[in-house]
Amino acid sequence: FKQKTAYEISLGLVGSEMCIRDSTYVGTSYNGLGFVFVKQDKIEKAIDCYLKALESYRELKDHEKQLELLVGVGLNYRKLEHWEKAIECLEQALKIAKYIENRKEEIHIRVDLAEALFKLEKQDLAITQINQAVGDLKIIQTPWSSSLMRRIELLRNLWTEERT
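Let me sum up the structure you'll find in this document. Keep in mind it's a predicted model, so treat the numbers as computed, not measured. (Residues numbered from 1 in each chain as written. Predicted model: local features only at pLDDT ≥ 70, side-chain atom pairs only at ≥ 80, totals over all residues. Heavy atoms only, no water.)

Between its first and last C-alpha atoms helix H6 (residues 103–119) spans 25 Å; for 17 residues at 1.5 Å apiece the expected length is 24 Å, and the two agree. Burial analysis of H6 places 12 of its 17 residues in the buried class, the great majority of the element. Regarding H6, the residues found buried are Glu106, Ile107, Ile109, Arg110, Val111, Asp112, Leu113, Ala114, Glu115, Ala116, Leu117 and Phe118. Backbone geometry just after H6 places Glu121 at a positive phi near 60°. (Helix = DSSP H or I, 4+ residues; strand = E, 2+ residues; numbered from the N terminus. Expected span 1.5 Å × (residues − 1). Buried < 20%, exposed > 50% of the residue type's maximum accessible area, 1.4 Å probe, protein only.)

The structure is reproduced here in structure tokens:
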């Protein structure tokens, strides 16, 4: 007799059609498991859970949760230095942010996207994202954190150095 871990039990319940039929609960459960895995630095397992949660929220057409998960998965792919996958998730998130007209989130996603694009040496695409983020900042005229502004300035400086 092998004692099961809480993860094994939870995962069995989450995957069981008999136990959970509501996509909201499935999404919430997988999202919670993903969070636990991130805290344990088990990023690949976290991503798997987040992607399963994303499926549930797509079924529900919950754009806010999809946006949140896609950004999170993109950032976790960045931690693993899987730049192409990070970019793919962030681009999907950007489309949703535009669709639901969440301009503030668009700005943050554009900066995250620019950082990933720079890692793949796609400087022109990266600076396009930065310029769009700066343009959006001017339009919505909201005070921004100094860390976001430093990230933007750092990326602009990288681009300038590459050009000279």
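A separate point is the environment of Glu121. Note that Glu121 resides in the loop between H6 and helix H7 (123–140). Considering only alpha carbons, one finds Glu121 and Glu162, 41 residues apart in sequence, at a separation of 9.7 Å.

Residue position: Gln66 is located in helix H4 (residues 63–79). Those residues within four positions of Gln66 in sequence are excluded, and the remaining contacts are Leu54, Tyr57, Arg58, Lys61 and Ile96. (Contact = heavy atoms within 4.5 Å.)

Another aspect to go through is H7. Given a rise of 1.5 Å per residue, 18 residues ought to cover 26 Å, and the 26 Å separating the end C-alpha atoms of H7 matches this to within 8%. Within the sequence span of H7, burial applies to Gln123, Ala126, Ile127, Gln129, Ile130, Ala133, Val134, Asp136 and Leu137. Phi turns positive one or two residues past the end of H7, at Gln141, with a value near 45°.

Moving on, we get to the pattern of salt bridges. Evaluation of the coordinates by the stated rule reveals nine salt bridges. Here Glu84 ties to Lys122 by a salt bridge, and the two come within 3.9 Å at their closest N and O atoms. Separated by 38 residues along the polypeptide, Glu84 in helix H5 (residues 83–99) and Lys122 in the loop between H6 and H7 bring together distant segments of the chain. The class for Lys122 is partly exposed, based on a relative accessible area of 34%. The shortest N-O distance in the salt bridge between Glu106 and Arg110 comes to 3.9 Å. (Salt bridge = Lys/Arg side-chain N within 4 Å of Asp/Glu carboxyl O.)

All quantities given are derived from atomic positions and should not be read as evidence of function.
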